[in-house]
Amino acid sequence: MRSGMQDAVLAMLAKEPSYGYHLRARLRQALGPLGGSMNQGQIYVTLARLEKAGFVVCERSDGLPDRADRKVYALTPAGQRRVAAWLAEVGWPKPDLAEFHLKLVAAAAARLADPVELVAAQRRELLRRLREAQQAALSEPEDSAAAVLLEGVMLRLRADLRWLAACERAWSTGGVGGDATTGDEDGDGDENDEVEGG
């Protein structure tokens, strides 16, 4: 699993310690059809790596008769710091939409952060990049190769901003994941106007 998925696993553990198969079920539920390819082994490999890195601890627990020696995973202080850093990150060089979606789900489930605020922070970063691309495009001749490239950058950023607006609508109404408790909409139509008009 990629490191973003490791971060999502850590964030899921921030709510409470959990068994590997419970984590897998929660991640698959959050991802819907995109989670179909996630197998049980991937979760345990990820948990083993996180434990080796000092982000989680594993304890034995009394289990069912057929699972008498189950492992329960919990965050260490280092794991908690990594989750906090992941939630605060606003990098969007090559957005992994599933990873960002998991960030919202995990933040809401563990009440680590308001998903709407995470979306707003991400949108501010994309708007900053869009303004930079627009400024750069103004200094290029319309038919230059650089102008074509910058147009592609701006189109991609606008598409990502539209998706973030959809995320904000869904999480603001509490329609996504039952754990979202936001009630706080930004209402910053000015930014959306800039996206459409840019």
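Definitions and cut-offs
Residues numbered from 1 in each chain as written. Predicted model: local features only at pLDDT ≥ 70, side-chain atom pairs only at ≥ 80, totals over all residues. Heavy atoms only, no water. Axes fitted to C-alpha atoms, helices over the stretch in contact; angles between N-to-C directions. Helix = DSSP H or I, 4+ residues; strand = E, 2+ residues; numbered from the N terminus. Parallel < 35°, antiparallel > 145°, perpendicular 65-115°, else oblique. Left-handed = near helix turned anticlockwise from the far one by under 90°. Salt bridge = Lys/Arg side-chain N within 4 Å of Asp/Glu carboxyl O. Buried < 20%, exposed > 50% of the residue type's maximum accessible area, 1.4 Å probe, protein only.

Draft legend 1. Structural view of the packing of helix α6 (residues 115–138) against helix α7 (residues 145–172). The geometry of α6 relative to α7 is characterised by a closest axis approach of 9 Å and an angle of 160° between their N-to-C directions. Relative to α7, the element α6 lies roughly antiparallel. Read as a crossing pair, α6 and α7 show a hand that is left-handed.

Draft legend 2. Representation of the pattern of salt bridges. Scanning the model with the defined rule gives six salt bridges in all. Put simply, R128 and E125 hold a salt bridge, and the shortest N to O gap is 2.7 Å. Linking R128 with E125, this pair stays in helix α6, spanning three residues, or about one helical turn. With a relative accessible area of 34%, R128 lands in the partly exposed category. Measuring nitrogen to oxygen at the nearest pair gives 2.6 Å for the salt bridge that ties R128 to E132. Taken together, the residues span about one helical turn, with R128 and E132 both in helix α6 at a distance of four residues. Residues joined in a network through salt bridges with shared partners are E125, R128, R129 and E132.

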